[in-house]
Each structure stands twice: as C-alpha cells, then as structure tokens.
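For reference, the chains in residue letters:
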Amino acid sequence: MIWLLPVGILAISSAAILIRLTPADPLAITFWRLAFATIIVLLMSAWRGEEFPRGRFLAYSALSGVLLAVHFLSWIPSLFYTTVAASTTLVNIHPVLMLLFSQKIGERIGGATAVGVLVAVAGSILITLSPGGLLGNLLALVGALAFAGYLALGRVVRAHVSTLGYVAVAYGVAAAVSLAVAAALRANLANYDLYVFFMFLLIASIPMMLGHTVFNYLLGRYRAVTIAASTLGEPVGATLLAIPVLGEVPRGSILLNAPEVGYVEVPLQAVGIVVTIIGIAIVIREEIKRGA
C-alpha cells in the first residue's frame, strides 16, 4: 500500500491552488472543506457499516479533530497573506516535530529516517525564494505544529480504529470547531454562487478525501513520521502548479562553478525540489526495509 503515498502527495499539492482560486472567506473555505468531507465520510461509513471509536479512542479522535481545525484555520488564511511556496513550505516543517512525537507514541526512528526527514525539510525550505508576509508565515507555522499533533494522535487511534470511523469523528469535530470560529468572527459562510460551492466540494474531494483520508488510512500501516515526511512533497507540487495556474514564478538562484563552463545560474527552487524528493525517498526506502 506504500504506492498510495504518491496519490496522497499529488492530492494535497492541489489544495493551495484550489484555495487561491476560490473567491471566498478563508474561514468559509475551511468550514465547507471539512463539512463536505464529513458528509462524504459519513455516507461511506453508513454504506460499509463502520463503527465509530469509543472510550479513550473517541476522545483522541475528537482531540485530533480540534488540532485539524487549528491546522486549517491557520494555514488556509496564510495562503492569502504570503506566497503559495512560502505557506506550503512553512506548514510542512512538521516532520521535524514528528521526530519528537514519534518517540512518545512508541515508534522507533532510525538514523536513516532522521536524515531523510531533515534532508526533505531542508529541500522544502530551499523552495521558498522570499520570506513572504510575516503574518502569513506565522499562521503557517501554527498550522505545522497543529498538524504534527494531528498525525501523532491519528497514528495512535488508527492502530485500533478503522479509517472511516476515525476520520468521521475527526473531520466532524474539525468542521464544528471551524463553524464556531467562523460564527464568532461573523464570517460569510453562505452568500456565494454555485461556482464557489463547487470549488468547496472540489477542495473536499481531492486534497481532503484523496489526500488526508489516504494518509489517515496509511497511518494504520506505517509510521507517522513516514507519512509526515511524505507530505513534504506538497510544497514541491504546489510550487510547480502555482507557476502556470497562478503565475507565481519562483525567483532567486545560486551560482555554481562548473568545470570548463564557468559559473552556471541554477534556480534555487529546482535544487530544493531535488533535495526534497531525495529526502522523501530515503524515508520511504527505510519504511519499505522495515516491512520487508
């Protein structure tokens, strides 16, 4: 099932682009993304006869939902205050935190995994050319911290609870929290045309269901740190998509002294993409070796 990781990475890479193409309040995007995803999951759960978590796992699932809400309530607005590259890079530094959380939940982290995570993080940082807006960057960092906690709890719950049972609670609680925040801030949640609601549904279907739900499924089979490191592919995909769709062309380069050629100007983002992919490959290779 490790082949599902690229599917999840491609799906979440579309999130930033779809969000930027949606002319709506960021809080509305957050709520409807989670609300539509919850409806889809509940329908699938009813069809398959899935059971919801109970006892402490219900509490963990609910807390995971709160952290997911914090993640989206901070990261989605960040996209409107800084560049796609900066936002998706900063929100994806969570694998470093995941190295610490993994030990708390009993996962063994080998030297190769730690190196792979740090290489991938370094590559994702290189993708960002400019620091972007301060507020947007801070919001993205809050989103990163919340996402690390969300993955750690998800790993604990998924060892005992089915994917649909877990995400039904987590997504539902996240939707409720985002609704409460949007209502408190008097955000516009409903005064949109059909195009905007179609975009809400698209965001819920692709990056949420094919991205987050796939990752939550894989949390039942693989280490949380592996899933966390794999999401570092998001700034790669999002940055590349932002070039043709949003016209956000990365700027900045480094000069390399090539023999018999002289100095060659190499785009910094290109270096970052290669380094990120190498880091992810190291982590995934280690995961495959563990399961062999």
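Remember, it's a predicted structure, so these values are computed and weren't measured experimentally.

1. Quick notes on the side chain of serine 61
Move 1: The topology assignment puts serine 61 in helix 4 (residues 55-78).
Move 2: Under the relative-accessibility criterion, serine 61 is labelled buried at 0%.
Move 3: If we ignore the near neighbours within four places in the chain, the residues touching serine 61 are Pro53, Val157, Tyr166, Val169 and Ala170.

2. A closer look at helix 3 (residues 26-48)
Move 1: Taking 1.5 Å as the rise per residue, helix 3 with 23 residues should run 33 Å; its terminal C-alpha atoms sit 33 Å apart, in good agreement.
Move 2: Two or three places before leucine 27, at the opening of helix 3, aspartate 25 has a side-chain oxygen 2.8 Å from that residue's backbone nitrogen.
Move 3: Immediately downstream of helix 3, the backbone of glycine 49 shows phi near 70°, a positive value.

3. As for the side chain of threonine 38
Move 1: Summarising the element assignment, threonine 38 is placed in helix 3.
Move 2: Given a relative accessible area of 10%, threonine 38 falls into the buried group.
Move 3: A polar contact of 3.2 Å, which involves the side chain of threonine 38, links it to the backbone oxygen of tyrosine 171.

4. What about the nonpolar core?
Move 1: Among the nonpolar cores identified, the biggest contains 75 residues, and Trp32, Leu68, Trp75, Leu151, Tyr171 and Phe200 are the most heavily contacted of them.
Move 2: Other than its neighbours up to four places away in sequence, phenylalanine 200 contacts Thr22, Ala24, Ala28, Ile29, Trp32, Arg33, Phe36 and Tyr192.

5. Some thoughts on the packing of aromatic side chains
Move 1: For the coordinates displayed, the defined rule picks out 9 aromatic pairs.
Move 2: Taking the centre distance of 5.3 Å and the plane angle of 75° together, the rings of tryptophan 32 and phenylalanine 197 count as edge-to-face. Highlighted residues: tryptophan 32 in helix 3 and phenylalanine 197 in helix 10 (residues 194-218), separated in sequence by 165 residues.
Move 3: By way of ring pairs, the aromatic residues Phe31, Trp32, Phe36, Tyr192, Phe197 and Phe200 are connected into one cluster.

6. What to know about the confidence of the model for the protein
Interpretation of the predicted coordinates at a detailed level should be avoided for regions scoring low in pLDDT.
Move 1: The pLDDT averaged across the protein works out to 83; a share of 84% of its residues lies at or above 70.
Move 2: Ranking the elements of the protein by mean pLDDT puts strand 1 (residues 253-258) last with 60 and helix 9 (residues 163-184) first with 96.

7. Details of the environment of histidine 212
Move 1: As for its position among the elements, histidine 212 is in helix 10.
Move 2: Distance in space between the C-alpha atoms of histidine 212 and glycine 8 is 7.0 Å, their sequence separation being 204 residues.
Move 3: Non-local contacts of histidine 212, meaning those with residues more than four positions away in its chain, are made with Ile12, Arg33, Leu68, Phe72, Phe147, Tyr150, Tyr171 and Pro207.

Rules used throughout
Residues numbered from 1 in each chain as written. Predicted model: local features only at pLDDT ≥ 70, side-chain atom pairs only at ≥ 80, totals over all residues. Heavy atoms only, no water. Helix = DSSP H or I, 4+ residues; strand = E, 2+ residues; numbered from the N terminus. Buried < 20%, exposed > 50% of the residue type's maximum accessible area, 1.4 Å probe, protein only. Contact = heavy atoms within 4.5 Å. Expected span 1.5 Å × (residues − 1). Polar contact = N/O pair within 3.5 Å; in protein donor to acceptor, adjacent residues only side chain to side chain. Core = buried A, V, L, I, M, F, W, Y, C linked by side-chain atoms within 4.5 Å. Phe/Tyr/Trp six-rings, centres within 6.5 Å; stacked < 30°, edge-to-face > 60°. pLDDT = per-residue confidence, 0-100.

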